[in-house]
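# Chains, contacts and geometry: an overview
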Amino acid sequence: MSDHAFSGDISAGTQARDPYRLNHTGRHAVRSATGHGEGGPASKFVTVTYGFWIFLLSDIIMFSAFFAAYAVLAKATAGGPTGKDLFEPTRVAVQTGLLLTSSFTGGVATLATRRRSMAATQFWLLVTGLLGAAFLFLELQEFAAMIGEQAGPSRSAFLSAFFALVGCHGAHVGLGLLWLGTMMAQLWVKGFRPDILRRLHCFGLFWHALDIIWVAIFTLVYLLGASS
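Sequence order as written defines the numbering, with residues in each chain counted from 1. The predicted origin of the model limits local features to residues at a pLDDT of at least 70 and limits the giving and counting of side-chain atom pairs to 80 or more, whereas totals for whole chains, interfaces and linings rest on all residues. Each side-chain value is derived from all of the structure's non-hydrogen atoms; neither hydrogens nor water enter the calculation.

### As for a nonpolar patch on the surface
Residues forming no salt bridge and having over 30% relative accessible area are the ones grouped into patches, like charges within 9 Å of each other and nonpolar side chains (Val, Leu, Ile, Met, Phe, Trp, Tyr) within 5 Å. A 1.4 Å probe and the Shrake-Rupley method give the accessible areas. Residues count as covered only by the protein chains that appear here. Whenever a carboxyl oxygen of Asp or Glu lies within 4 Å of a side-chain nitrogen of Lys or Arg, that contact is scored as a salt bridge. A cluster of nonpolar side chains, namely Trp-53, Leu-57 and Ile-60, defines an oily patch on the protein surface of about 300 Å² accessible area. Comment: elements are numbered from the N terminus, with helices defined as DSSP H or I runs of at least four residues and strands as E runs of at least two. With respect to the helices and strands, Ile-60 occurs in helix α2 (residues 44–73).

What follows is the structure, given as structure tokens:
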């Protein structure tokens with residue numbers, strides 16, 4: 001979802017709204033700006049997006065710590081099962097397809113939002129949620145199977161790091177689904193209001209960030225683990 005998605009509704013502050021222009025007009029007035037920005041104060045859309053990017057960056061830093069811990073402990077199996085013994089490439093490939101497809105349908109929902117089509121927006125958001133729920137179901141099924149095989153997080157340092165990293169991502173997907181359901185309800189009741197559009201924009205950023213993190217997990221944890 002790009003910043004242009006809602007440019008028709010939520011634009012940066014215009015010169016006419018700039019309280020620092022002091023009633024001047026033309027190029028001279030722009031040059032005489034007082035350091036608060038030529039276009040005046042940033043719009044709510046810009047400030048909210050900026051703040052949400054800071055949140056996403058902090059979240060990525062947290063995941064970086066989990067990735068580092070996993071890299072250090074990946075060989076510390078304590079005589080227990082390794083990734084090659086536990087991971088099912090087919091299941092993980094299906095999970096990856098579901099999550100990446102959900103990101104695509106989320107983008108289609110954004111296009112429907114730009115057309116102000118309530119039915120299409122709700123439909124594609126619902127498809128996005130169902131794909132995310134299917135991904136989460138497969139992940140929980142994998143965790144349950146591993147624990148049933150006495151390969152839970154307390155079995156070895158490797159499994160502790162694995163459950164911490166993959167489980168943290170799964171928790172984010174679960175919270176994202178809760179957020180998505182809330183947004184669908186708000187959109188249905190309140191319509192395409194600017195505050196709803198801002199929240200949908202932030203949700204899109206959040207969901208795409210989860211995709212990026214999952215691609216890293218898929219590559220570094222599952223592919224390398226199954227081949228080692």
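### Examining the nonpolar core
Remark: nonpolar core denotes a set of buried residues (Ala, Val, Leu, Ile, Met, Phe, Trp, Tyr, Cys) joined through side-chain atoms within 4.5 Å. We call a residue buried when its accessible area falls under 20% of the maximum for its residue type, exposed when it is over 50%, and partly exposed in between, using a 1.4 Å probe and counting protein chains only. Ranked by size, the top nonpolar core spans 47 residues in total, and within it Tyr-70, Phe-87, Phe-162, Trp-214, Ile-217, Val-221 and Tyr-222 carry the most contacts. Any two residues having at least one pair of non-hydrogen atoms within 4.5 Å are treated as being in contact. If sequence neighbours within four positions are ignored, Trp-214 has contacts with Val-92, Gln-95, Thr-96, Leu-99, Phe-135, Glu-139, Val-166, His-169 and Tyr-222.

### Some thoughts on the confidence of the model for the protein chain
Within a predicted model, pLDDT stands for the predictor's per-residue confidence, ranging from 0 to 100. Within the protein chain, residue pLDDT values average 86, and 82% of them lie at 70 or more. Below pLDDT 50 for its whole length, residues 1–16 participates in 35 contacts with residues either more than four positions away or in separate chains. Note that pLDDT drops below 50 for residues 20–33; the model gives that stretch 10 contacts with residues more than four away or on any other chain.

### So, empty space enclosed by the protein
Cavities and pockets were defined on a 1 Å grid built from protein atoms only: a cavity is a group of points that admits a 1.4 Å probe but offers it no way out, a pocket is an open group of points flanked by protein on both sides within 12 Å along at least five of seven lines, and a lining residue is one with an atom within 4 Å of any such point. Grid points are joined across faces, edges and corners, and a volume is the space filled by probe spheres set on the points. A complete count under the given rule lists 2 cavities of 30 Å³ or more for this structure. What the second largest cavity holds in volume is close to 40 Å³. Every residue lining the second largest cavity is listed: Leu-56, Asp-59, Ile-60, His-172, Phe-206, Ala-209, Leu-210 and Ile-213. Within the residue set of the lining of the second largest cavity, elements represented by two or more residues are α2 and α7 (194–227). Top element by residues in the lining of the second largest cavity is α7. It accounts for 4 residues.

### Observations concerning α7
Taking 1.5 Å of rise per residue, 34 residues should cover 50 Å, and α7 covers 49 Å from first to last C-alpha, within 8% of that figure. In this analysis the local bend is the angle between axes fitted, respectively, to the seven residues ending at and the seven residues starting at the residue. Its axis deflected by about 30 degrees at Phe-218, α7 carries its strongest bend there. In a helix, the anticipated span is given by 1.5 Å times the number of residues less one.

### Points about the environment of Gly-106
Position of Gly-106 among the secondary structure elements: in helix α4 (residues 89–114). Residue Gly-106 is classed as buried on the basis of its relative accessible area of 17%. Sequence separation between Gly-106 and Trp-124 is 18 residues, and the spatial gap between their C-alpha atoms is 6.6 Å.

### Structural notes on unusual backbone geometry
Even without being glycine, Ala-78 reaches a positive phi, approximately 55 degrees. The residue Ala-78 is located in the loop between α2 and α3 (83–86) in this model. Positive phi, close to 60 degrees, is recorded for Arg-116, a residue that is not glycine. By secondary structure assignment, the location of Arg-116 is in the loop between α4 and α5 (118–148).

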